Amino acid sequence: GAATHVVHFEDIVDEGDVEGRSGAVRVLRALAEHLGIEGLSDGDLRAVDYELMTLPMPSAGVDPVTKLWHFHKRRGGRAQPASRA
C-alpha cells in the first residue's frame, strides 16, 4: 500500500453520524485499516478520539502547525465515551 494516508480536517470534525460513527471515528477506522491494525472496535476508536481531543494544547500561534488548535480548545474536546463496546 501507499506510505501516505491523507486526512482532511473537515472529515475529522464532521459531526455527521454515518452508520453510528462520527467523522473522527471514520477517519481513525480508515487510518487503522491503512496501517493494517485489526481488531479495533468502534468503542476503541472513540476512546482514542477522546484521548486525542483531551491532550493539552499549546497556545495558538506558537508555530504554523498549531494554527487550528484554538478551534480544538474552543470546542472543549469530546465527551468521554461510555464504553468500548
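Cut-off values and rules
- Residues numbered from 1 in each chain as written.
- Predicted model: local features only at pLDDT ≥ 70, side-chain atom pairs only at ≥ 80, totals over all residues.
- Heavy atoms only, no water.
- Helix = DSSP H or I, 4+ residues; strand = E, 2+ residues; numbered from the N terminus.
- Buried < 20%, exposed > 50% of the residue type's maximum accessible area, 1.4 Å probe, protein only.
- Contact = heavy atoms within 4.5 Å.
- Expected span 1.5 Å × (residues − 1).
- Salt bridge = Lys/Arg side-chain N within 4 Å of Asp/Glu carboxyl O.
- Patch = residues over 30% accessible without salt bridge, like charges linked within 9 Å, V, L, I, M, F, W, Y side chains within 5 Å.
- Areas by Shrake-Rupley, 256 points an atom, 1.4 Å probe, with all protein chains shown as cover.
- Axes fitted to C-alpha atoms, helices over the stretch in contact; angles between N-to-C directions.
- Parallel < 35°, antiparallel > 145°, perpendicular 65-115°, else oblique.
- Nonpolar A, V, L, I, M, F, W, Y, C, P; charged D, E, K, R; others polar.
- pLDDT = per-residue confidence, 0-100.

**Structural notes on the overall build of the protein chain**
Check the secondary structure of the protein chain and you find four helices and zero strands. Reading the secondary structure of the protein chain in the N-to-C direction produces α-α-α-α. The buried share among the 85 residues of the protein chain stands at 22%. Put simply, of all contacts in the protein chain between residues at least 6 apart along the chain, 46% involve residues at least 24 apart.

**Considerations on helix α3 (residues 42–53)**
Along an α-helix, residues three or four positions apart point the same way, because every turn accommodates 3.6 residues. The first and last C-alpha atoms of α3 sit 16 Å apart over twelve residues, in line with the 16 Å expected at 1.5 Å per residue. Turning to α3, its buried residues number three or more, namely D42, G43, D44, L45, A47, D49, Y50 and M53.

**A short note on the pattern of salt bridges**
Counted by the stated rule, this structure contains three salt bridges. D42 is paired through a salt bridge with R21; the nearest N and O atoms lie 2.9 Å apart. Taken together, the residues span a long stretch of sequence, with D42 in helix α3 and R21 in the loop between α1 (9–13) and α2 (23–35) at a distance of 21 residues. In this structure D42 comes out as buried when scored by relative accessible area, which is 18%. Note on R21: relative accessible area 24%, which makes it partly exposed. Ionic contacts of the salt-bridge type, sharing partners, join the residues R21, R29 and D42 into one network.

**With respect to a nonpolar patch on the surface**
The grouping of L31, L35, I37 and L40 at the surface amounts to a nonpolar patch, some 320 Å² of accessible area in total. Within the secondary structure, L31 sits in helix α2.

**Structural notes on the packing of α2 against α3**
With their axes 9 Å apart at the nearest point, α2 and α3 run at an angle of 110° to one another. For the element pair α2 / α3, the angle class is roughly perpendicular. Residues A24, V25, L28 and R29 of α2 pack against D42, L45, R46, V48, D49 and L52 of α3. Grouping the amino acids of the contact of α2 with α3 by side-chain chemistry returns six nonpolar, no polar and four charged.

**Some thoughts on the side chain of R29**
Relative to the helices and strands, R29 resides in helix α2. The contact partners of R29, leaving out residues within four places of it in the chain, are R21, L40, S41, D42 and L45.

**Regarding the confidence of the model for the protein chain**
Do not read the fine detail of predicted coordinates wherever pLDDT is low. On average, residues of the protein chain score 76 in pLDDT, and 68% of them reach the 70 mark or higher. When the elements of the protein chain are averaged for pLDDT, helix α4 (residues 69–75) gives the smallest value, 51, and α2 the largest, 91.

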